[in-house]
Amino acid sequence: MSSTAETIYDGFLSNVEKALGKIDIELALQVMLFERKMPDAYPMVELQIHYKNGVDTASKVSYVRDRYGFLVAGHDKNEILARGNMSIDMLHEIAQDPQIEKLTGSASVASY
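Model, not experiment: these values are computed from the prediction.

### A word on the nonpolar core
Side chains of a nonpolar character, in soluble globular proteins, are inclined to be buried together.
Thought 1: Membership of the largest hydrophobic core comes to 28 residues, with the highest contact counts inside it found for L47, I49, V64, F70, L91, I94 and L103.
Thought 2: Elements that contribute at least two residues to this core include exactly α1 (3-20), α2 (25-37), β1 (44-51), α3 (57-68), β3 (79-85), α4 (88-95) and β4 (100-108).

Below, the structure is given as structure tokens:
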């Protein structure tokens, strides 16, 4: 790969990372790629929502389940897991919670 292409790619990643805030860049790129390849259905996302210390994750499980209809479970002291069809806009909306530190996970084209 030429150094010019690598420089452009590094700049792209830097700009996207700044725009994403709390959303993991690899997760976001997967979601956006699948949204474009299959515009009629959101990708299936297995999302890990990492909260700041001291957050009541039980109430967060209920909120995410009720608000988005995802399958949700507490995972760790400061983390919950959510599974469902999600868009990049949904991830951005979820990330607006000031108690969230970061969103990580993976996306696939499966719609189960």
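### Considerations on the side chain of T104
Thought 1: By the element assignment, T104 lies in strand β4.
Thought 2: Judged by relative accessible area, T104 falls into the buried class, the value being 15%.
Thought 3: Within the structure, the side chain of T104 is placed 2.8 Å from the side chain of H50, a separation counted as a polar contact.
Thought 4: The contacts of T104, once residues within four sequence positions are left out, are D24, L27, E46, L47, Q48 and H50.

### What about the pairing of β3?
Thought 1: Pairing analysis gives seven bridges linking β1 to β3, with the strands arranged antiparallel. The residue of β3 that forms the bridge with I49 is I80.
Thought 2: Taken together, the five bridges between strand β2 (residues 71-76) and β3 define a ladder with antiparallel strand orientation. Within β3, the position partnered with V72 by the bridge is A82.
Thought 3: What sits between β2 and β3 in their antiparallel hairpin is a turn of two residues.

About the criteria used
Residues numbered from 1 in each chain as written. Predicted model: local features only at pLDDT ≥ 70, side-chain atom pairs only at ≥ 80, totals over all residues. Heavy atoms only, no water. Core = buried A, V, L, I, M, F, W, Y, C linked by side-chain atoms within 4.5 Å. Buried < 20%, exposed > 50% of the residue type's maximum accessible area, 1.4 Å probe, protein only. Helix = DSSP H or I, 4+ residues; strand = E, 2+ residues; numbered from the N terminus. Polar contact = N/O pair within 3.5 Å; in protein donor to acceptor, adjacent residues only side chain to side chain. Contact = heavy atoms within 4.5 Å. Pairing = 2+ DSSP bridges.

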